[in-house]
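Structural characterization, general
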Amino acid sequence: MTNLLESCRIAPPPHTVADQSLPLTFLDIKWLPFHPIRCLLFYDLPHSSKPYFLETIIPKLKESLSLTLKHFFPLAGNIVYPLNPEKKPEICYRAGDSVSLTFFESSDDYDDLVGNHPRNADKFYDLIPFLSQITNEESAQKLLEVLAIQVTLFSGSGVCIGFSNHHSVGDANSMMGFMRSWALINNNGEEEQFLITHSESRSFPVFDRSLINYPHELDSVFFKQSKKIPMASSSFPLPTNRVRATYDFPQSKIKKLKDLVHARFPRLAHVSSFVVMAAYVWSCLAKSMIASFEEKVVDDDDKPDFFLFAVDARARIDPPVPGNYFGNCLSFGLAKMGHRELVGEEGFFAAAEAIAEEIRNKVIDKENLFEGAENWLAEVGAAVRNRKMILSVSGSSRADLYGVDFGWGRARKLETLSIDGERDAMSLFKSRNCEGGLEIGLSLPKVIMYAFAAHFSEGVKGE
């Protein structure tokens with residue numbers, strides 16, 4: 001149970017940001033119908049008290065957030081979604097625009113919430129803020145809030161920071177930049193170290209859409225296509241009828257899986273940590289659904305299974321886009337294989353081969369990065385309609401959210417609630433506990449989760 005302590009709105013400091021608008025590229029537009037991204041970061045604060053939270057933590061977070069928004073102004077603005085089909089959506093910031101920031105106190109069991117074991121997924125929604133949508137009939141447009149933040153105190157245990165953001169404002173790389181910056185300013189109690197760090201590395205966020213070299217007719221194509229897709233509700237998917245659990249991939253397990261794949265396919269290129277982890281989870285999850293009796297494999301029904309993953313395109317575009325570009329700059333890969341093959345004894349190896357080949361075709365070959373982009377939404381839509389399972393990934397094997405330090409040390413636990421909105425999805429980040437390892441999060445019906453845990457522990461023959 002949570003109690004509201006304070007509700008406020010935080011804007012950049014007065015007269016620091018001019019009124020301005022940013023166009024949405026097709027890489028932003030494709031996310032317009034998508035549900036909000038929801039993420040929780042838990043921090044241990046065993047000596048935290050309500051007075052300390054009210055008198056020290058809250059004022060500091062409010063001040064540091066305002067200073068950070070000066071450099072990340074789109075997050076204080078709104079997506080203006082025109083109801084007039086002749087106009088295109090854009091991100092608008094006007095003086096006075098702000099971010100919703102709420103503070104709560106919770107009496108829930110902190111130690112249970114930060115565990116890796118299966119937990120009721122519904123209980124996490126007390127810790128995440130709602131992202132609003134406002135329809136203005138007079139101006140014939142919708143205003144889509146792009147960021148909301150909630151901070152929750154667990155007295156004597158810790159603090160949770162919950163972020164809800166619209167994917168169209170920025171991808172994981174962009175939001176990571178914002179969170180690291182806010183944490184750095186809050187940690188130091190001032191903006192100076194942030195300015196020094198980013199000046200030396202030339203890593204202040206850049207918003208110039210012209211940095212992305214692509215056929216600009218794709219903007220209209222994607223907006224026209226996106227309007228045919230019902231816009232996902234920003235409300236919470238409750239009840240989820242799911243449990244959440246976390247699984248670690250230590251470096252030792254990753255190496256064993258790589259060695260097995262190399263032994264089976266000596267000439268297969270691009271056998272990365274991501275490939276073997278994804279293949280292992282994909283094959284285990286497919287088997288888990290059969291074991292739970294949700295699905296049965298029959299001889300005349302071998303619909304394909306798909307594995308959908310995002311690809312950061314910044315370094316792959318010609319010319320390359322700076323790593324500090326703020327917005328969406330993602331391509332995707334869609335590996336495909338028969339359901340019976342995936343759940344078979346050789347499922348892991350077949351999955352690894354399929355994912356590695358998709359990476360070679362879609363990721364490594366830079367010349368084909370945006371080839372056929374006008375068909376991306378149709379391609380994914382067809383996969384969704386005709387699949388047994390389509391496992392998607394939220395996050396990145398390169399993302400280290402645990403290192404986001406607000407002055408309280410490394411985060412204790414990370415939860416991505418967005419995956420509750422998908423039938424089959426997983427979160428992926430660098431592991432907190434295993435150097436060089438990976439961490440995945442799953443949200444599944446209880447019976448499937450326990451079947452998955454059994455398959456995950458069983459391993460691959462020869463491992």
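Data block above holds the structure.
Now for a look at the structure at hand. (Residues numbered from 1 in each chain as written. Predicted model: local features only at pLDDT ≥ 70, side-chain atom pairs only at ≥ 80, totals over all residues. Heavy atoms only, no water.)

1. Digging into the sheet that holds strand E11 (residues 158-165)
An order of E1-E6-E10-E11-E3-E16 is seen for the 6 strands of this open sheet, with the pairing classed as mixed. In this open sheet, the two strands that pair with only one neighbour each are strand E1 (2-10) and strand E16 (413-416). Along the sheet, successive strands turn relative to each other by an average axial angle of 15°, direction set aside. Where strand E6 (residues 99-106) lies against strand E10 (residues 147-154), 6 bridges are found, and the strand directions are parallel. Each residue of the ladder has a partner; that of Leu-101, found in E10, is Ile-149. Contacts between helix H2 (residues 50-69) and the sheet are confined to E1, E6, E10 and E11, with E1 contributing the most and set at about 30° to the helix. Along the sheet, helix H4 (residues 172-188) makes contact with strand E3 (37-44), E10 and E11, crossing E11 at roughly 145°. (Pairing = 2+ DSSP bridges. Helix = DSSP H or I, 4+ residues; strand = E, 2+ residues; numbered from the N terminus. Axes fitted to C-alpha atoms, helices over the stretch in contact; angles between N-to-C directions. Contact = heavy atoms within 4.5 Å.)

2. A word on empty space enclosed by the protein
A complete count under the given rule lists 2 cavities of 30 Å³ or more for this structure. Lining the largest cavity are 14 residues, and of these Phe-34, Pro-36, Gln-133, His-166 and Ser-234 lie nearest its centre. Split into classes, the residues belonging to the lining of the largest cavity amount to 7 nonpolar, 6 polar and 1 charged. Taken together, Arg-244, Thr-246, Leu-414, Glu-415, Thr-416, Ser-427, Phe-429, Glu-439, Ile-440 and Gly-441 make up the lining of the second largest cavity. Of all the elements in the fold, those that place two or more residues in the lining of the second largest cavity are strand E12 (243-249), E16, strand E17 (425-430) and strand E18 (438-444). When grouped by side-chain class, the residues that make up the lining of the second largest cavity number 3 nonpolar, 4 polar and 3 charged. (1 Å grid on protein atoms, 1.4 Å probe; cavity = no way out; pocket = protein on both sides within 12 Å on 5 of 7 lines; lining within 4 Å. Points joined across faces, edges and corners; volume = space filled by probe spheres on them. Nonpolar A, V, L, I, M, F, W, Y, C, P; charged D, E, K, R; others polar.)

3. Section: the layout of surface pockets
When its volume is computed, the second largest pocket comes out at roughly 280 Å³. In this structure, the second largest pocket is lined by 16 residues; those nearest its centre are Gly-177, Arg-180, Ser-181, His-198 and Ser-203. Broken down by secondary-structure element, the contributors of at least two residues to the lining of the second largest pocket are H4 and helix H5 (192-201). Broken down by element, the lining of the second largest pocket gets its largest block of residues, 6 residues, from H4.

4. Quick word on the pairing of strand E5 (residues 90-93)
Summarising the sheet, strand E2 (residues 20-23) and E5 pair through 4 bridges and their orientation is antiparallel. Counted as the bridge partner of Leu-22 is Ile-91 from E5. Pairing between strand E4 (residues 78-82) and E5: 3 bridges, direction antiparallel. What sits directly across from Ile-79, in E5, is Ile-91.

5. Description of the pattern of salt bridges
Taken as a whole, this structure holds 18 salt bridges when the rule is applied. The partner of Arg-119 in a salt bridge is Glu-415, and the shortest N-O contact between them spans 3.0 Å. Of this pair, Arg-119 sits in strand E7 (residues 119-120) while Glu-415 sits in strand E16, placing them 296 residues apart in sequence. Using a relative accessible area of 2% as the deciding quantity, one classes Arg-119 as buried. Take Glu-415: its relative accessible area is 3%, and that puts it in the buried class. Counted as one network, the salt bridges with shared partners bring together Arg-119, Arg-244, Lys-413, Glu-415 and Asp-420. (Salt bridge = Lys/Arg side-chain N within 4 Å of Asp/Glu carboxyl O. Buried < 20%, exposed > 50% of the residue type's maximum accessible area, 1.4 Å probe, protein only.)

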